[in-house]
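Residues per chain, in single letters:
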Amino acid sequence: MSKTSLSKLFFALMLVLMLALVACSDETDGDGEASAGSDDNGSEQDDDGEDSEEEDDGLYSIDDFDNFKTNEGEAIDGGTLQYGLVTDTPFEGTLNWNFYSGTYDAEILNWFDEGMLTWDENYVYTNDGAATYEQDEDNENVFTFTINDKVNWHDGEPVTAEDWLFAHEVISHPDYDGIRYGSDFTNIEGVEEYREQFKDNEGLSIEDAEPIEGIEVVDDKTMKVTYKEVTPSLVTGSIWTYPLAKHIFGDMEVADMSSSPEVRENPIGFGPFKVDSITPGEAVTLTKNEDYWRGEPNLDGVTIKVIDPSVVVNELESGGVDMVDSYPTDQYPDNADMSNVEFLGLTDRAFTYIGFKLGEWDEDAGENVPDPDAKMADKNLRQAMWHAVDNDAVGDRFYHGLRWNGTTLIPPSHPEFHDDSNPGREYDPDKANELLDEAGYEMGDDGFRTDPDGNELVINFASMSGGDTAEPIAKYYMQAWEEVGLNVELLDGRLQEFNTFYDRVEEDDPDIDIYQGAWGVGIDVDPRSLWGRHSTSNYTRWADEENDRLLEEGVSDEAFDVEYRQEVYNEWQEYMVEEVPVFPTVYRAALSPVNNRVLNYAIGDGTEMYKYEIAVTQEEPMVDE
Amino acid sequence: MWKFTVRRMLIMIPQLILLSLLIFIMAQMMPGDALTGLIDPSVDPETIEQQREKLGLNEPWHVQYADWVSGAVQGDFGQSFRFKMPVTDLMMERMINTFWLSLVTLIITYIISIPLGITSGRYNDTWADQAITSYTYIGFATPLFIFALVMLWIFGFYFGWFPTGGSVKPGLEPGTFEYILSRFNHLLLPAISMSLIATVSTVQYLRNDIIDTKQKDFIITARSKGAPESRVYNRHILRNSLLPIAAFFGYELTGLIGGTVFVETIFSYPGMGQLFIESITLRDYSVVTATTLLFGVAAVLGTLISDIILSIVDPRIRIK
């Protein structure tokens, strides 16, 4: 080989490598949404061909997606579904609802175990799960739960009321090392007293302890629970619905349960599939539970395996997996034309927001104390900052329309309570200028405004690093504010790493004036846990009496009437648009690709499609052509 | 020799104490803790606080350190907060994966690099040498995480010759022949990807040393004695040129348990490298300290082994 041909070869190789570089550079934004546990950073792989669905502007809309899979073709008997967990960290393997904390464990658990109650599209418990519930007519604080007779553990033992009670006892035990003990439990009569007795009396076993006063096991399949306070929130996710198999865990020390082989190696449940084998951190195989209470599953089994975000698309194209637990939305535009999968979509239960620091957390009183002299305390200033930013542009430019302008603090993922008619504060820089002029923020010669006392005004903005879009988006906001004369600077001149960010925001670092965060919202619409006076998660530290009043009314007795509750929450949403302690920036879409061979599948809540119904049309997943 | 080894071992003790202290203090200085990541408004803040208390995260660092040392001396590194299992078990699980991957990588690396290095050194400035040298330059310049992705794409997805992730086909019975075969099959692609990059330095060292040795006086002597060319190369030159490689062998051994983050992540292969990084990002302190300490011990031991090997192959550098 001569020198020239060698260098040609070298050049060609370099080109190939460069292409690979380009293909890998598109990283998902991981704007560190709290609570979801982990954010997936993905890198993008090849794509080919034109985008068939793509419109001229290259934008998509969540309205074009359905959350039900189209059924095409005849189901075959059996078949094994391949399910991908998209993560760059192995799953923890705490495979029991009572002990888990990671989202990936939850994804696995969903296949082989389930809660006693299911919920509808408005996240209210229904009576069509493994148990039914009924509120007592004489005493509204008493609920009676009846477990379906056909519900059995995978080993054939019946799921009993004892098991359900046992879960309550274990979680309330001081040695319990999970994170589930909280208001859901303390709201039950006698739980706190039950917990106390272990602290006074070491070595006391659950067997010998005084039982929880508020839980009565009527018979094998019936349990009565007395709650201290019954609010509409109780039936949207505040009941602990996961029993713990007493015949297995009964003799174990509470502290040893979460690390026991019964949780990690041979987990048990009563769902449509049973665990066959676990390869720690990478895969789980499941076979069907013929004795499943809803009926025998169509599939023979399910294989769940961890796949790295950088190869999701390849795995889907090549039929390595039928579906994944989460798909990096930013990889959608390049792969919308994959022929072997159908993309399902829905509005994610999450939103991104900008918060204003308006006070401090009072540790002793356990409440947020607003500071009337805070830099951001002027309402006009906050309203103006909302008017100054164009969030639809952010959604279009950075997310191809798969994120869009947020209007109120109850996202459209809660259709019953999200106020469609409330436009929030629209992009209107003139209005922003007007509001600022009105409040006395005078424009200086340098193009920046001073505060009403004539002092220089510099607003410090904390934003999280992660993904490619974090920095340009933060820059965009700062520029938009500069347009209306506000001098906004990045805290420390850079983006903050996830842990540092939340540490500083949580501890009310006086250097932070505004911050950009994100929340995943629970199924319970009640905003108290995020924006209430007594919530540590209310990082704005803003509270006022009107807000307290509205939030309380939203969970009052009258609020059992849905219309009344809607009114209250509409009023609250409007009040937040007026006060702007925080404003939503973008809502987001969650997309989920599913192989065409899969039938009877839907994403989202209240679809009345269950996992045992899933079927496939051929033995192997379809492959992209 | 023995004296030397024992002395080295004794020096290790203060080294390790200092190391553990540094690791511990640095881990404490990281912002956030294992519970910061759990920001979830539906979890009671009091519960989180009680957990912190229970985990001893609110104690001053020297109290925590004392606790940790007393456990570590007995081989108990505590519980991983995230995995809710003893750190030692967790590390064993991952170390086995990493060990096999690294071992296969190491073997493939030597299989590829030694013949290439010898060819390149013996026939230097021929086209074969140039081809090999070009390969090493490209190898030097190619980042492993991209190379591994490209390899995975070509041989895993496009041709479908290798499995694309995991350490074994899900659902096989451990211990069976099929299981072992599947494990080996899963190892191959990541191992080949890593070795193709890892060989380059070995090839270069070997090549340079052979070229160097070729011109030494004793080689000329050997040749003038009439020793056949193959004997000159295999006995005289090679033995001397393998010195630096032997020296590196000790370090390579430490690599056996260290693992690599990129390859493990791309191939979804749970190993030590991944465990280490994720324990840092998720602030799983007990795992961070234990893994760093383990890596530290391995590095110190690796140096020792390297020195011992060197003194065996080359009597000149034996320390008195």
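Residues numbered from 1 in each chain as written. Chains lettered and ligands numbered in written order. Predicted model: local features only at pLDDT ≥ 70, side-chain atom pairs only at ≥ 80, totals over all residues.

Caption draft 1: Spotlight on the overall build of chain A. Within chain A one finds 18 helices and 19 strands. At 27 Å, chain A has a C-alpha radius of gyration in line with the 25 Å of a compact globule built from 625 residues. Once the C-alpha set of chain A is aligned to its principal axes, its extents read approximately 80 × 80 × 45 Å. A total of 625 residues make up chain A; the buried ones form 50% of that total. Within chain A, contacts between residues separated by at least 24 positions form 70% of all contacts whose residues are at least 6 apart in sequence. (Helix = DSSP H or I, 4+ residues; strand = E, 2+ residues; numbered from the N terminus. Rg over C-alpha atoms; globule rule 2.2 N^0.38 Å. Buried ≥ 20, exposed ≤ 12 C-beta atoms within 10 Å, placed from the backbone. Contact = placed C-beta atoms within 7 Å.)

Caption draft 2: A look at the overall build of chain B. Within chain B, the regular secondary structure consists of 13 helices and 0 strands. In chain B, the succession of α and β elements from N to C terminus is α-α-α-α-α-α-α-α-α-α-α-α-α. Across its three principal directions, the C-alpha atoms of chain B cover 85 × 55 × 40 Å. Burial status across chain B gives 34% buried among its 320 residues. Pairs at least 24 residues apart make up 71% of the contacts formed inside chain B by residues separated by at least 6 positions.

Caption draft 3: Fine view of the packing of helix α4 (residues 87–122) of chain B against helix α5 (residues 127–141) of chain B. Residues and elements named next belong to chain B. Axis separation between α4 and α5 bottoms out at 8 Å; the angle between their running directions is 130 degrees. Comparing the axis directions of α4 and α5 gives the class oblique. For the element pair α4 and α5, the recorded crossing hand is left-handed. Between α4 and α5, the residues in contact are Leu 116, Thr 119 and Ser 120 and Ala 128, Asp 129, Ile 132 and Thr 133, respectively. Considering only residue class, the contact of α4 with α5 consists of 3 nonpolar, 3 polar and 1 charged. (Axes fitted to C-alpha atoms, helices over the stretch in contact; angles between N-to-C directions. Parallel < 35°, antiparallel > 145°, perpendicular 65-115°, else oblique. Left-handed = near helix turned anticlockwise from the far one by under 90°. Nonpolar A, V, L, I, M, F, W, Y, C, P; charged D, E, K, R; others polar.)

Caption draft 4: Molecular detail of the nonpolar core. In terms of nonpolar packing, the biggest core is built from 117 residues, with Ile 108, Ile 147, Ala 167, Val 302, Ile 304 and Val 312 of chain A together with Leu 152 of chain B touching the most fellow members. The element that contributes the greatest number of residues to this core is helix α7 (residues 177–214) of chain B, accounting for 12 residues. The contacts of Val 302 of chain A, once residues within four sequence positions are left out, are Thr 80, Leu 81, Tyr 83, Trp 111, Phe 273 and Leu 286 of chain A. In terms of nonpolar packing, the next biggest core, distinct from the first, is built from 62 residues, Ile 354, Ala 480, Tyr 539 and Val 586 of chain A among them. (Core = buried A, V, L, I, M, F, W, Y, C linked by C-beta atoms within 7 Å.)

Caption draft 5: Local environment of the environment of Gly 301 of chain A. Residue and element names in this part refer to chain A. Considering the arrangement of structural elements, one finds Gly 301 in strand β8 (residues 301–307). Exposure remark for Gly 301: the 18 C-beta atoms within 10 Å place this residue in the partly exposed category. Residues Gly 301 and Gln 82 lie 219 residues apart in sequence; the distance between their C-alpha atoms is 9.0 Å. In this view, Gly 301 contacts Thr 80, Phe 273, Thr 285, Leu 286, Thr 287 and Lys 288; residues no more than four positions away in its chain are not counted.

Caption draft 6: Fine view of the confidence of the model for chain B. The pLDDT averaged across chain B works out to 82; a share of 94% of its residues lies at or above 70. Interface scoring of the predicted complex returns ipTM 0.76; its pTM is 0.80. (pLDDT = per-residue confidence, 0-100.)

Caption draft 7: Summary view of the pairing of strand β11 (residues 359–362) of chain A. Residues and elements named next belong to chain A. Where β11 lies against strand β12 (residues 367–370), 4 bridges are found, and the strand directions are antiparallel. Residue pairing in the sheet places Glu 360 in a bridge with Val 369 of β12. The hairpin formed by β11 and β12 contains 4 residues between the paired strands, and Gly 366 there has a positive phi angle of roughly 65 degrees. (Pairing = 2+ DSSP bridges.)

Caption draft 8: Focus on the sheet that holds strand β5 (residues 222–226) of chain A. Residue and element names in this part refer to chain A. Strand order in the open sheet made by the 4 strands is β2-β3-β5-β4, with antiparallel pairing throughout. The open sheet has two edge strands with one neighbour each: β2 (131–135) and β4 (215–219). Taken over all neighbouring pairs, the strand axes of this sheet differ in orientation by 20 degrees on average, direction set aside. In the sheet, β2 pairs with strand β3 (residues 142–147) via 5 bridges, with the strands oriented antiparallel. Of the residues in β3, the one forming a bridge with Glu 134 is Thr 144.

Caption draft 9: How the structure looks around unusual backbone geometry. Residue and element names in this part refer to chain A. Residue His 400 is not a glycine yet carries a positive backbone phi of 55 degrees. Overall, the presence of 21 C-beta atoms within 10 Å leaves His 400 in the buried class. For Asp 508, which is not glycine, the phi torsion reads 55 degrees and is therefore positive. Checked against the element boundaries, Asp 508 lands in the loop between α15 (498–506) and β16 (514–520).

Caption draft 10: Just the environment of Asp 89 of chain B, in detail. Looking at where Asp 89 of chain B falls in the secondary structure, it is placed in helix α4. Considered as a pair, Asp 89 of chain B and Asp 76 of chain B are 13 residues apart in the sequence and their alpha carbons are 10.0 Å apart.

Caption draft 11: Representation of the pairing of strand β6 (residues 273–279) of chain A within the structure. All names here are of chain A. With 5 of 7 residues buried, β6 lies mostly within the body of the structure. As paired elements, β6 and strand β7 (residues 283–288) share 6 bridges and run antiparallel to each other. Residue pairing across strands places Ser 277 opposite Thr 285, the latter belonging to β7. Taking the residues that link successive antiparallel strands as the turn, the β6-β7 hairpin has 3 residues, and the phi of Gly 281 there is positive, at about 75 degrees.

Caption draft 12: Fine view of the environment of Ser 258 of chain A. Tracing the backbone shows Ser 258 of chain A in the loop between α7 (254–257) and α8 (261–264). Its 22 C-beta neighbours within 10 Å are what place Ser 258 of chain A among the buried residues. Apart from residues no more than four positions distant in its own chain, Ser 258 of chain A is found in contact with Thr 94, Phe 99, Asp 177, Gly 178 and Val 263 of chain A together with Lys 84 of chain B.

Caption draft 13: Helix α10 (residues 243–258) of chain B, seen in detail. Residues and elements named next belong to chain B. A rise of 1.5 Å per residue sets the reference length of α10, with its 16 residues, at 22 Å; its end C-alpha atoms lie 24 Å apart and thus fit the reference within 8%. Largest kink in α10: about 30 degrees, centred on Phe 249. Of all the residues in α10, the buried ones are Thr 254, Ile 257 and Gly 258. (Expected span 1.5 Å × (residues − 1). Bend = angle between axes of the 7 residues up to and from the residue.)

Caption draft 14: Examining the confidence of the model for chain A more closely. Mean pLDDT over chain A works out to 85, with 91% of the residues at or above the 70 mark. Predicted confidence for residues 17–55 of chain A stays below pLDDT 50, and this span has 105 contacts to residues more than four positions away or in other chains.

Caption draft 15: Molecular detail of the packing of α4 of chain B against helix α13 (residues 285–313) of chain B. Residues and elements named next belong to chain B. Remark: α4 packs on α13, axes separated minimally by 10 Å, with the N-to-C direction vectors making an angle of 55 degrees. By the angle between their axes, α4 is oblique relative to α13. Viewed along their axes, α4 and α13 form a crossing whose handedness is right-handed. Seen from α4, the contacting residues are Val 87, Leu 90 and Met 91; seen from α13, they are Ser 286, Val 287, Ala 290, Thr 291 and Leu 294. Looking at the contact of α4 with α13, its residues break down into 6 nonpolar, 2 polar and no charged.

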